[in-house]
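Each chain, letter by letter, is given below.
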Amino acid sequence: MTMEILARPTEFEDRAGPAFWIDEAIWGHRLHDEQAPWLIFLEFMTVLLAEHHEGRALQETRLNSLSYRPQLQLHLRNLVFNNPHVMTVKAEARSDEAAWTMWLERMAESAGGIDRPDFSYLRERFESFDDFAAVLSFLQGSAIEGTSNKRWSSKFVFPFGPHALYEDVNVKPNGSVSNDRRFFARTGELLYLMLARSQHADALRGALVSKFLESPAPYDSMAHALQGDPQLARQERAGAYLPCSSHPIFDRLASDWLAILNLPIPAHDAIPHLVAMTGLNLILYQLDRARELLDRPPISLICEIVSPRKSVVRDLSADSYQHNNMLPQQAIERFVRRVTETDAWGDALASDDPTMNATDILKREFGWPDGDDDELVAEPQDFVDELVERATVRHKQHVGKIHMTWARAIGLSSRRSSRRVRYAPTDRLLKTLVIACVGERLEFKDFLVRIHERYGFVIGDAQARPFIDAGTADQEDFSDNAHRLEERLASLGLLKRLSDSCAYVENPFQRAQAA
Amino acid sequence: MCRSSLTNWTVGWNMLETGGQGLSANPTVTAWVRFLRNYGPIPTNDNMYDESIQRALRRHKIRPITLPAPLRDQLVPMFKSDAAVSHIITGTAGDGKTYHCREVWTALGGDVTAWNLGDKIQRLAFDDRTLVIVKDLSELRDDESNELIAEFARDVADPATRTFYLFAANHGQLLEKLKSAPDTAEIVRVSKVVEDLLVTGITSDPGIALELTDLSRSPAAKVAMAIIDEVTRHEGWNGCENCGASTDGRCPIFENRRRLIGEGPDDPIRQRLTALIELSERNGSHFPVRQLLALVANAILGHPDARDGLMTCNDVAAIQASGKVDLASIYRNIFGENLKPSKAEKTELFRKLNAFGIGAETSNRVDNLLVYGADDPAYAADYQALILSDPVYGATPAYATAQRTYLEGAEDGDRAGFLNVLRAQRQRLFFTMPEDKAEDYALWDLTVFRYAGLYLDVADKIAAKQSVPRAALNLVVRGLNRIFTGMLVQNQDELVLATSGSYSQSKRSPLLDELISVPRSGGEEVAIVADPGDGSFGVSVKLVRGKEIPPVFLSLSPTRFEFLGRVAEGALPSSFSLECHEDLLAFKARLLRQTENRRRLDGEEEASDGELVLRFIDLNANGRAQPRRVIVRV
């Protein structure tokens, strides 16, 4: 069976696009390490909102034809994240009237990306300047990664509702606004396409639209009051590309989301869990595509449940991390080199002009070399080596860091009390796993089986059979590991132990519902 | 405990070893100590099962140890009555399941000889009915149990049935058997009921006539005291006081037993041990009878130099000669310090007791006493009363030497030695500190649970239906307020219910939802009350006068109480935070749902005609949270 790689979309010619189509062909255009899982979620929401306005949320009319017009909301963003005057004005001004006047003047000068900034509409929306300041401080305090030192135009208010959603942009000092894909690097678009192509797209559309877009929290009106009427980007955003029309991980991702969205908890409480499951499934997607290309056995992640002492499981977990971490890069090389095993390549080499014919194949397959590259080497094999070299260098810059960055971001990996990174899930991630995978309750043993089947997590001795049989670990090493998980879950209120031999993992929200 | 009202169940002693008595020791005592030793945490420990105890009782003439067993008195008349219902007894290994089955069998006229033949499924016909008893479901082969479970599933769903069942199994086996039975609708239905009964104690399917008793939920603190009484006062000890080893007053076995008997029920060691077991159980760690027996045996017989860490009478002479009697201290043995650290860590019993950190935790006052007490006139009286008065485990030569060396400027190695001695002394003080000095020395600072004293006080008051100490409620309210808001608020006469506005996992919550009065006022009240479900207690928040909105209840385990106490005090130990923080946020979420409910009932739902009313929390100079209204027009 060959791996599915859809054709590269041609209608959106993007001059600033990638020099060759390798990472993109395997995983899509594109996965990007600097886009943390939270930002993936936010980009997804901006796409969803835009497409919902067009009446086609989570519907793809044609594969890889997504084109949408996101919100920009520059007034809101200037007020919350590019507004250093409030404190000084409050200190200097002697009256409320003076405060507004002083602040409006200063803001008119410093606001970015807005023609002729005029914020005077705010005066009638607040009873006093202090009230206005309190609201700003609230929005700053609840911002996503509010304490990061990112540029102001890459900071985001909490997604209270439709008015609080907007795309990441670059605002230059001269006032020009461009979408440089720095932190919204299309990974959210990929997430959108994955969910749209999943079996559960219809159910998800209903849940997402009703929970996040149509019945926003009252606090969304704070964003509304500050922004005024919604502001859209000037142009549509197109060019997203996801290489497979379907994938088991898309379905699983969607079912994880549905399980979380169907919990009897406020919609906003679901977001951190959605973010974590998104990060996890995207990591597994990256690894699984690499594995498929390399024709390797299913991905497994040996997880250490952190123990006070160094253990065999800790070493195996670090090995497992290391092994998985290398897969994407190996996949890149394999992807390029496998072209030399094709008949077409053989024919090209045997032809009158092997260099030209081989180059044609590379151009067709990878979009490289793109013509104005004149450092052409003579031998076709050298071309391939050169391409592998370049692709690897580029891969290492971003796509190759995804496993490392996101695993840490969602609490899957850690270096706690060790020099090597390993899979050692945090309590928060464990809780998310429980609420995503356990309906009401599940026997602990079955829980271990379920997270192994779904995500490849190896925690207990039953899942670690291959390692135990191979003699790299004792049964006891892994049963101790499982025992530690049992104790951690119990202390988190996620597990009820009936006796030494029997325990249930419980979904805390479903339990609250039943009570 | 009122002995006469309870029937007793038997704990026999398996005579595994005899003979080899010491020269001076009384032979019957020596034999008895050997039996007792087998109940300790030793590798060859197969005398935990009723079956083998029965065999031992038949072989040897030993007076059985008797412990209270109220369940039998409840089951026997129930099976005879018109309202008979099938019953499942479950629990952890060693909780007494098989014993109960046999007792019911004999009490209902079953033949003991027939029982002893050991059929796995016993059927007893009496009056108009049949009782099917299986003392251990896991003994059945799958084909046997499948057939039986199918019958069982039919009968419990049939109101007219004349066949009733009494099954015993531990939790895991019970579920295993139900799972491996064929998936018929009847079995699926009954399995669901069993699962519900196990996990929540109630079932939502009234069509299934089935009850379940989980022996692991019986109060272990009481059982522990009964075991201590039975073991320490068993006639096997007769003659112990006349033994050559104890006449010089330094036989550790004699000494430990004497201390465990104590001086009446108010003796500190019993009170403190009861307190530890009770706190542990309220935190969800059960002590089955097996573990309590092991605890008592280990407490009396522990010494690190004996084989497997447990002495026999024959070991005593050598231990006395080596001058290491103090290492047999019962106060160390309670924490398994007589065992190898790896062994103690793997023994659930000691893992649970060591969770209190007794020996490692301390207060300045206790350590001052232990380190400088010998020389400091201010401590002279207490030093005499608490240390010097106990020459066996207190002011031992080892302690005095280590203390001296330390004070005179010890090498590093000696310092570690002193720290070990100090550890043993703290453990001893925890169990021996008289009640009237407990407060002065902040007894519970010797444990991880510094508020446990207050906690137990509240528990006692609740059980006696007396009013709860005001300090406890203040502590709880202030702790809750700080967690609810994420700010260092001081309010303790009102609950400051705050929201983050975003998601409830957020640490800071700057928006005020409601202030709820702690003293009763306008239907509102925050109080510490008994948990109607079990014997524990919790904090209950009433929002309205009537019953339209039920009070919101949060059960207070010792861990949660400690967490709230530490937060209220300002210092938050990170080891606690993950366990409790989310629980309390979930409690807040429930409160928020109910206040919203109340506003809806009161018709106060915010009319959002283009106007958003926000109430931010301002802290005034005294740290009190106060609302500040902000209106936003859209």
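Residues numbered from 1 in each chain as written. Chains lettered and ligands numbered in written order. Predicted model: local features only at pLDDT ≥ 70, side-chain atom pairs only at ≥ 80, totals over all residues.

### As for the overall build of chain B
- When you go through chain B residue by residue, the secondary structure sums to 26 helices and 14 strands.
- Counting over 634 residues, chain B shows a buried share of 42%.
- Considering only residue pairs separated by 6 or more positions, chain B has 65% of its internal contacts joining residues 24 or more positions apart. (Helix = DSSP H or I, 4+ residues; strand = E, 2+ residues; numbered from the N terminus. Buried ≥ 20, exposed ≤ 12 C-beta atoms within 10 Å, placed from the backbone. Contact = placed C-beta atoms within 7 Å.)

### Topic: the overall build of chain A
- Along chain A, the regular secondary structure elements total 21 helices and 11 strands.
- Relative to the compact-globule value of 24 Å for 515 residues, chain A shows a C-alpha radius of gyration of 26 Å, a close match.
- Seen through its C-alpha atoms, chain A measures out along the principal axes to roughly 80 × 75 × 45 Å.
- Put simply, chain A has 515 residues, and 47% of those count as buried.
- Restricting the contact set of chain A to residue pairs at least 6 apart, pairs at least 24 apart contribute 72%. (Rg over C-alpha atoms; globule rule 2.2 N^0.38 Å.)

### A look at the interface of chain A and chain B
- Listed by partner, the interface residues are 36 residues for chain A and 29 residues for chain B.
- Mapped onto the side of chain A that touches chain B, the elements with two or more residues apiece are α6 (129–141), α9 (220–227), α11 (267–294), β10 (495–499), β11 (502–506) and α21 (508–514) of chain A.
- Here the element with the most residues in the side of chain A that touches chain B is α6(A); it accounts for five residues.
- Partitioned by chemical class, the residues of the side of chain A that touches chain B number 18 nonpolar, nine polar and nine charged. (Nonpolar A, V, L, I, M, F, W, Y, C, P; charged D, E, K, R; others polar.)

### Looking at helix α25 (residues 558–569) of chain B
Residues and elements named next belong to chain B.
- Across its 12 residues, α25 extends 16 Å between first and last C-alpha, which sits within 8% of the 16 Å expected from 1.5 Å per residue.
- In terms of residue burial, α25 counts as a mostly covered element, since 10 of its 12 residues are buried.
- For α25, the complete set of buried residues consists of Pro558, Thr559, Arg560, Phe561, Glu562, Phe563, Leu564, Gly565, Val567 and Ala568. (Expected span 1.5 Å × (residues − 1).)

### What about the domain arrangement of chain A?
Residue and element names in this part refer to chain A.
- Taken domain by domain, chain A consists of domain 1 (23–67 + 183–293), domain 2 (74–178), domain 3 (331–400) and domain 4 (426–514).
- Residue-level contacts link 12 residues of domain 1 with nine residues of domain 4.
- Put simply, the parts of the chain that give the side of domain 1 that touches domain 4 at least two residues each are α10 (248–261) and α11.
- Sorting elements by how many residues they give to the side of domain 1 that touches domain 4 places α11 first, with five residues.
- Split by residue class, the side of domain 1 that touches domain 4 holds nine nonpolar, one polar and two charged. (Domains from an automatic or database assignment.)

### So, the nonpolar core
- Leu292(B) and Val296(B) are the most contacted members of the largest nonpolar core, which has 320 residues in total.
- Among the elements that take part in this core, α11(A) stands out by supplying 15 residues, more than any other. (Core = buried A, V, L, I, M, F, W, Y, C linked by C-beta atoms within 7 Å.)

### A look at the sheet that holds strand β4 (residues 121–126) of chain B
Residue and element names in this part refer to chain B.
- An order of β4-β5-β6-β3-β7 is seen for the five strands of this open sheet, with the pairing classed as mixed. Unpaired on one side and paired on the other, β4 and β7 (210–214) mark the two borders of the sheet. With strand direction ignored, the average angle separating the axes of adjacent strands in the sheet is 15°.
- Of the pairings in the sheet, the one linking strand β5 (residues 129–134) to strand β6 (residues 163–168) comprises five bridges and is parallel in character. What sits directly across from Val132, in β6, is Tyr165. (Pairing = 2+ DSSP bridges. Axes fitted to C-alpha atoms, helices over the stretch in contact; angles between N-to-C directions.)

### Quick word on the environment of Val529(B)
Residue and element names in this part refer to chain B.
- Residue placement: Val529 occurs in strand β10 (residues 525–530).
- As for Val529 and Ile187, which are separated by 342 residues in sequence, their C-alpha atoms are 40 Å apart.
- Apart from residues lying up to four places away in sequence, Val529 is in contact with Phe537, Gly538 and Ser540.

### Overview of the pairing of β4(B)
All names here are of chain B.
- Bridge analysis of β4 against β5 gives six bridges, and the strand direction is antiparallel. From the neighbouring strand, Leu124 faces β5, where its bridge partner is Leu131.
- The hairpin formed by β4 and β5 contains two residues between the paired strands, and Asp127 there has a positive phi angle of roughly 45°.

### So, the environment of Thr278(A)
Residues and elements named next belong to chain A.
- When you line up the elements, Thr278 lands in helix α11.
- Note on Thr278: 25 C-beta atoms within 10 Å, which makes it buried.
- Along the chain, Thr278 and Trp38 lie 240 residues apart, while their C-alpha atoms are 9.0 Å from each other.
- Once you skip the residues sitting within four places of it in the chain, Thr278 turns out to touch Pro37, Ile40, Phe41, Leu191 and Leu253.

### Quick notes on the sheet that holds strand β12 (residues 552–555) of chain B
All names here are of chain B.
- Strand order across the open sheet formed by three strands is β10-β11-β12, with antiparallel pairing between neighbours. Two strands close off the open sheet at either side, each with one partner strand: β10 and β12. Ignoring strand direction, the axes of neighbouring strands in this sheet form an average angle of 25°.
- With four bridges connecting them, strand β11 (residues 537–542) and β12 associate as antiparallel partners. The residue bridging Val539 from the neighbouring strand is Leu554, located in β12.

### Digging into the packing of helix α2 (residues 37–53) of chain A against helix α7 (residues 187–196) of chain A
Residue and element names in this part refer to chain A.
- Between α2 and α7, whose axes approach to 7 Å, the crossing angle comes to 65°. Where α2 crosses over α7, the two elements pack in a sense that is right-handed. On α7, the residues touching Ile40, Leu42, Glu43, Phe44, Val47 and Leu48 of α2 are Thr187, Gly188, Glu189, Leu191 and Tyr192.
- Its residues assigned to classes, the contact of α2 with α7 comprises seven nonpolar, two polar and two charged. (Left-handed = near helix turned anticlockwise from the far one by under 90°.)

### What to know about the pairing of strand β14 (residues 625–633) of chain B
All names here are of chain B.
- Taken together, the nine bridges between strand β13 (residues 611–619) and β14 define a ladder with antiparallel strand orientation. When the bridges of β14 are listed, Val613 appears paired with Ile631.
- Counting the residues in the hairpin turn of β13 and β14 gives five residues, including Gly623, whose phi is positive at 80°.

### As for unusual backbone geometry
- Residue Arg30(A) is bonded to the preceding His29(A) through a cis peptide linkage, with omega at -10°.
- Mapping Arg30(A) onto the fold places it in the loop between α1 (23–27) and α2.
- Omega for the peptide link from Trp368(A) to Pro369(A) comes to -5°, which places this bond in the cis form.
- At Asn64(A), a residue that is not glycine, the phi angle is positive and equals roughly 60°.
- Among the secondary structure elements, Asn64(A) is positioned in the loop between α2 and β1 (67–68).
- Residue Asn64(A) is classed as buried on the basis of its C-beta count, with 21 C-beta atoms lying within 10 Å.
- The backbone of Ala442(B) sits at a positive phi, close to 45°, despite the residue not being glycine.
- Looking at Ala442(B), the number of C-beta atoms within 10 Å reads 15, which means it is partly exposed.

### Topic: helix α18 (residues 364–372) of chain B
- Along α18(B), the positions that sit buried rather than exposed are Val366(B), Leu369(B) and Leu370(B). Seen end-on, α18(B) carries its buried residues on one side only, within an arc spanning 90°. (Arc of directions from axis to C-beta.)

### Topic: the packing of α10(A) against α11(A)
All names here are of chain A.
- Viewed as axis vectors pointing N to C, α10 and α11 meet at an angle of 170°, and their least axial separation amounts to 10 Å. Taken together, α10 and α11 sit at an angle that is classed as roughly antiparallel. Within the contact between the two elements, α10 uses Ile249, Arg252, Leu253, Asp256, Trp257, Ile260 and Leu261 and α11 uses Ala270, His273, Leu274, Met277, Thr278, Asn281, Leu284, Tyr285 and Asp288.
- Its residues placed into classes, the contact of α10 with α11 shows 10 nonpolar, three polar and three charged. (Parallel < 35°, antiparallel > 145°, perpendicular 65-115°, else oblique.)

### Looking at the environment of Phe126(A)
- Tracing the backbone shows Phe126(A) in the loop between α5 (96–110) and α6.
- Residues Phe126(A) and His85(A), spaced 41 residues apart in sequence, show a C-alpha to C-alpha distance of 17 Å.
- The contact partners of Phe126(A), leaving out residues within four places of it in the chain, are Asp131(A), Phe132(A) and Val632(B).

### Description of the confidence of the model for chain B
Residues and elements named next belong to chain B.
- On average, residues of chain B carry a pLDDT of 85, and 89% of them reach 70 or more.
- Looking across chain B, the model is least confident in strand β1 (residues 8–11), with a mean pLDDT of 42, and most confident in helix α15 (residues 330–333), with 96.
- ipTM for the predicted complex: 0.81, alongside a pTM of 0.80. (pLDDT = per-residue confidence, 0-100.)

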